[in-house]
Structure formats: structure tokens, C-alpha cells
Amino acid sequence: MNTVRLGRTDLDITPVGFGCWAIGGGNWAYGWGPQNDHQAIEAIIAATELGINWIDTAAVYGLGHAEELVGEALRGMNNRPLIFTKCSLVWDTSRNVTNCLKADSILRECEASLKRLGIEAIDLYQVHWPNPDEDIEEGWQTLAKLQEEGLVRHIGVSNFSVEQMQRAEAIAPVASLQPPYSMLRRGIEEKILPYCQEHNIGVIVYSPMLSGMLSGAMTLDRALNLPKNDWRRNNKEFQEPRLSKNIALVELLRSIGRAYGASPGEVAIAWTLNNPAVTGAIVGGRSAEQVKGTYGAASLRLTDEDIQAIEKFIASVAE
């Protein structure tokens, strides 16, 4: 699998990375329902065996559990992939999640993540959310300190606006941004992606398949009967009237993919990678089978006609 340089770093990453949000399990506020830990570890191993060279996780996924699973998978590998994780979302003994960018909290988070992952340094440490806004500077200064100490190699941000990235850049360079991006969620195209491209900030997008909606595996019946502990039950994209429109879009992606032997999900991911400002896409996988059904997006090149067909369809169903 080819690699691309991530912004101004020395990291060469594959166009697709393995995302860990879904494997954290369902016992927390933003869980994806029941998850088999053995299958999750198999998914991580399968991703690396297919050539994917980076894993993106976060302390909050499963309230530490996703990082523990990554650590367990890494112990059986001779050549470990790059490890990206995030801080700033913390939880209490009642499993309530809150935002914190205070220095002492981030230092504790980093230490805990390193322990769960079983590594000596995090390749890319990211501020998960820019909240509280007034503490961005304190949080970013702390990440810069961790970088100076060698506990993290590079530092980046997630879900930041242009103005918030500028505030961080005044303290220390921002290596990368992690924003949501898909053909149905395009808010970053107007200002954020051009800014990142102009300033050589790497962009690794999350939810390129809109949290599984565009994967090809989602049906009307499945979407309407997601487990009670699956956060997507309350997402408007998984409810009518948008649900039926999204399922129809998946059928278009399926028809486009047939010419390439690609799944609808691979077409959706490749669409995000078609944007020159995007360095890589984070693709979750809850089993080895799911990983094998999406990794081909890294080498899929859509034609102008494919892109135009997608744009025309989206415009026709726009509210």
C-alpha cells in the first residue's frame, strides 16, 4: 500500500488507517452496541496484515477499553503500526464523560494511555475536542511539553475550527487535524480544508462512511432496530426522512463500485480521499471481515464521471 507524508511530520501513512471508536464496546455514552473483544483484536491484526500502517484510537473510546485492546493486539506484532490517540475527554467512577484541557489532567491521561497501549511514546497525540474553549492554550502548551519530553512524537488536534488552530499554532506547530468528513457531511470544505492545505497541516478524516451508514451493510430494518446502547439510534442520518435517502445513495455507490469490484463503503471512503487536502481516512472495523471489505479504498481512484454522478444524486435529494 502506498504511503503519504502527514503534513510537516516525518510520518508516512497509508491512505487508510484503522479506527477504534466502534470497538470500545457499548457500555459508555457513545458506544456502538455490543462488541466481541476477540473479533476486535482480530480486526486490528487483519488491518496491519493488509498493509495499513496506522491505528487511530482515543482514551475515551470504551473509557480506556479500546486502547487496552490495541495494546493487546500490539503485543503479538513484530513490526508495530503507528499509534495515534487523543486526550481531553475524561470520565469519573460513574462513567460520566466530561471535557478537560487542564495540564495536570492531560499529563495523567497521557501516562494512562501509554500504559494501556504498552508503548514508550505515542506517534501522534491529539486534542480530541477544543473544550473548554478558554483552556485551549493551556492544553496545547501541555501537549508541546509532552513532545519536548519525548513521550509523544507529534501533536495534532481534532474537531478544531480555523481560528482555534491559529491559536494553537501561535504556541507550537499543529501537525494534523482530525475532522469529520463524508459526502453527506461537508462543512469543512469551505474554510478548514483550504487552511490546512495552505499551511501544510495533515488531515486525517473520521467517519468517511458516516458511521457505517454508507458502508453497504446498513439496511432500513437494521438502522431502525439498532441496540439501545448504540449512539447512532439518535443520529438524524439513521432516522427518517434522511434514512431512506441515505439508503438510496448507498445503492448508487454500490452500482459505481461494481465496475471496480469495490463495496459501497470503499467508494464512500475513496470519495473523501479524492480531495487533495485529505491525507488519510480513518476507517473503523469491528471484525477482520469488515476490514477486508473496506481497505481497498486506499487504491481506488474514482473518475470524474463517478464524482459527478454522486454530486448529482446528493443535489437531487437535498432538503
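Structure shown above.
Thresholds, definitions, all that
- Residues numbered from 1 in each chain as written.
- Predicted model: local features only at pLDDT ≥ 70, side-chain atom pairs only at ≥ 80, totals over all residues.
- Heavy atoms only, no water.
- Helix = DSSP H or I, 4+ residues; strand = E, 2+ residues; numbered from the N terminus.
- Buried < 20%, exposed > 50% of the residue type's maximum accessible area, 1.4 Å probe, protein only.
- Contact = heavy atoms within 4.5 Å.
- Core = buried A, V, L, I, M, F, W, Y, C linked by side-chain atoms within 4.5 Å.
- Pairing = 2+ DSSP bridges.
- Axes fitted to C-alpha atoms, helices over the stretch in contact; angles between N-to-C directions.

J.: Honestly, the side chain of asparagine 246 in this entry has me stumped. Any pointers?
T.: If you trace the backbone, asparagine 246 turns up in helix H8 (residues 242-258). With a relative accessible area of 5%, asparagine 246 lands in the buried category. Discounting chain neighbours no more than four positions away, the residues touching asparagine 246 are Leu184, Met213, Leu214 and Glu237.

J.: Honestly, the nonpolar core in this entry has me stumped. Any pointers?
T.: A general feature of soluble globular proteins is that nonpolar side chains tend to end up buried together. Among the nonpolar cores identified, the biggest contains 97 residues, and Phe18, Tyr125, Trp140, Met165, Met183, Leu214 and Ile310 are the most heavily contacted of them. Looking at this core element by element, the count peaks at seven residues for H8. Beyond its immediate chain neighbours, meaning those up to four positions away, phenylalanine 18 contacts Ile23, Ala43, Ile44, Ala47, Ile52, Trp54, Ile55, Asp56, Ile282, Val283, Gly285 and Val291. Ile13, Trp54, Leu82 and Ala175 belong to the second largest nonpolar core, which has 11 residues in total.

J.: It is not clear to me how the sheet that holds strand E10 (residues 176-178) should be interpreted in this structure. Could you clarify?
T.: Note on sheets: strands pair through backbone hydrogen bonds, and any given pair is parallel or antiparallel. With parallel pairing, eight strands are arranged side by side around a closed barrel as E3-E4-E5-E8-E9-E10-E11-E12. For this sheet, the mean inter-axis angle between neighbouring strands, taken without regard to orientation, is 30°. Note: strand E3 (residues 16-19) against strand E4 (residues 54-56), two bridges, orientation parallel. Directly across from phenylalanine 18, in E4, lies its bridge partner isoleucine 55.

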